[in-house]
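Secondary and tertiary structure notes
One letter stands for each residue in the lines below.
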Amino acid sequence: MVTKMVDLRSDTVTKPTEAMRAAMANAEVDDDVLGYDPSALRLETEMAKITGKEAGLFVPSGTMGNLISVLVHCNIRGSEVILGNNSHIHIYENGGISTIGGVHPRTVKNNEDGTMDIDLIEAAIRDPRGEIVYPTTRLICLENSQANCGGRCLSVEYTDKVGELAKKHGLKLHIDGARIFNASVALGVPVSRLVQDADSVSVCLSKGLGAPVGSVIVGSKSFIAKARILRKTLGGGMRQVGILCAAALVAVQENVSKLEDDHKKAKILAEGLNQIKGLRLNVAAVETNIIYFDVVEGAKITAETLCKNLEQHGILVMQESPISIRLVLHHQISASDVQYTLSCLKQALAGVREDTGI
Ligand SMILES: Cc1ncc(COP(=O)(O)O)c(C=O)c1O
Ligand SMILES: C[C@@H](O)[C@H](N)C(=O)O
């Protein structure tokens, strides 16, 4: 009988803390579509201040935050956005920028470190002289930290270079900052400096910060005014949303300081995984709270079987491919959970044949 649950599927799985529940129960609320919900206004003001932008807008999800941002910047038919081939917007958002917004994606290969080569981004920008045949490039999207590359952090120097490139070509820059706080903590750079050149940022409160719901888009006042209208168009306008914003405010106030511990636990887990025969990963690539590892050919177990084995021991993980598994740390994973996970993995891989050369 499983006596312990260790949920490493994602940092989206956290449950609201008692402080969040109390804040929700006592939240000051009003009609947010009419622009009067005091808790929403407080959260939006706080997020604008933290990110160094003029204004913010609470949205139900990071997916909607990215969609609204892209559609505001690319509001003319035939617009094209340059984004990573391994980006969340391109892979996990149902192609919403195209299916809903009619925006054409132009992907550039994400490097292992989450970046896209600057020269390849520039080469992807359409030549205006070809406008009779080409879409028109209007936006560049970055993702920091870059989830599918293993939670890798984009440096402030790199982000500034992309910002300069966007300005040089009259383009806008959006940052999918679902985990921008993780990047800020890992790099030791304030969020406001990391996103300084961005025209818009979508920040998830429901990931490492542990809020039950929501994201905040930040940008200029005029950008946010357009985003507010589009949020309503998409059905994201909510009434007494202060109930959710009150929990999100607690998350911002109480959980940013816990992110460093998430990263430390991820590193300890990665180093432990690296000692287990049959598993392969790059420990140096673990910069924040996300770990990807492979179950190598020749190990006596497949990734699928290993996930089932772990589940039988109360450990939930995400299988990402026939051989790779993702683990995501968050503030509700303890140091003993990390050790328990390692002991279950060691047990599952015990007896890997020496001749596998792994
Ligand atoms: C990098 C990144 N961007 C955006 C999202 C979308 O957020 P949501 O799940 O709230 O739609 C996620 C994950 O959920 C993500 O990992
Ligand atoms: C899978 C993806 O959509 C989600 N953002 C996660 O990282 O869990």
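Thresholds applied
Residues numbered from 1 in each chain as written. Chains lettered and ligands numbered in written order. Predicted model: local features only at pLDDT ≥ 70, side-chain atom pairs only at ≥ 80, totals over all residues. Heavy atoms only, no water. Near = heavy atom within 4 Å. Polar contact = N/O pair within 3.5 Å; in protein donor to acceptor, adjacent residues only side chain to side chain. Areas by Shrake-Rupley, 256 points an atom, 1.4 Å probe, with all protein chains shown as cover. Helix = DSSP H or I, 4+ residues; strand = E, 2+ residues; numbered from the N terminus. Nonpolar A, V, L, I, M, F, W, Y, C, P; charged D, E, K, R; others polar. Buried < 20%, exposed > 50% of the residue type's maximum accessible area, 1.4 Å probe, protein only. Arc of directions from axis to C-beta. Contact = heavy atoms within 4.5 Å. Pairing = 2+ DSSP bridges. Axes fitted to C-alpha atoms, helices over the stretch in contact; angles between N-to-C directions. 1 Å grid on protein atoms, 1.4 Å probe; cavity = no way out; pocket = protein on both sides within 12 Å on 5 of 7 lines; lining within 4 Å. Points joined across faces, edges and corners; volume = space filled by probe spheres on them.

Taken together, Ser61, Gly62, Thr63, Asn66, His88, Glu93, Glu143, Asp176, Ala178, Arg179, Cys204 and Lys207 make up the full set of residues adjacent to ligand 1. Between a nitrogen atom of ligand 1 and a side-chain N or O atom of aspartate 176, the distance comes to 2.7 Å. The side chain of lysine 207 places a nitrogen or oxygen atom 3.1 Å from an oxygen atom of ligand 1. For ligand 1, the accessible surface in isolation is 370 Å², of which the surrounding protein chains cover 84%. Of all the elements, helix 3 (residues 62-73) adds the most residues to the shell around ligand 1, at 3 residues. The class makeup of the residues in the shell around ligand 1 is 2 nonpolar, 5 polar and 5 charged.

Taken residue by residue, helix 13 (residues 303-312) has Ala303, Leu306, Cys307, Asn309 and Leu310 as its buried positions. End-on view of helix 13: buried residues confined to an arc of 160°, all on one side of the axis. In the core, the buried residues of helix 13 are packed alongside strand 9 (279-280), strand 10 (290-295), strand 11 (315-316), strand 12 (318-319), strand 13 (324-328) and helix 14 (335-349). Looking at the residues trailing helix 13, positive phi occurs at glycine 314, about 85°.

A word on the sheet that holds strand 8 (residues 215-219). Strands sit in the order 2-8-7-6-5-3-4 across an open sheet of 7 strands; the sheet is mixed. Across the chains shown, the open sheet's two edge strands, defined by having one partner strand only, are strand 2 (55-59) and strand 4 (104-108). With direction set aside, neighbouring strand axes in the sheet form an average angle of 20°. Sheet topology places strand 3 (residues 79-84) next to strand 5 (residues 136-143); 4 bridges connect them, and they run parallel.

Our next topic: the site of ligand 2. Around ligand 2, the structure places Ser10, His88, Arg179, Lys207 and Arg326. In the environment of ligand 2, an oxygen atom lies 3.0 Å from a nitrogen or oxygen atom belonging to the side chain of arginine 179. When ligand 2 is considered free in solution it has 260 Å² of accessible area, and contact with the protein chains removes 75% of it. Tallied by class, residues from the shell around ligand 2 come to no nonpolar, 2 polar and 3 charged.

Further remarks concern empty space enclosed by the protein. Under the definition given, this model contains 2 cavities of 30 Å³ or more. In this model, the largest cavity occupies a volume close to 50 Å³. Gly84, Ser87, Asn110, Gly114, Met116, Cys141, Leu142, Glu143, Gln146 and Leu154 are the residues that line the largest cavity. Top contributing element to the lining of the largest cavity by residue count: strand 5, with 3 residues. Its residues assigned to classes, the lining of the largest cavity comprises 4 nonpolar, 5 polar and 1 charged. Within this model, the second largest cavity holds a volume of roughly 40 Å³. Listed by contribution, the elements that provide at least two residues to the lining of the second largest cavity are helix 8 (180-187) and strand 7 (200-204). Class assignment of the residues belonging to the lining of the second largest cavity gives a composition of 6 nonpolar, 3 polar and 2 charged.

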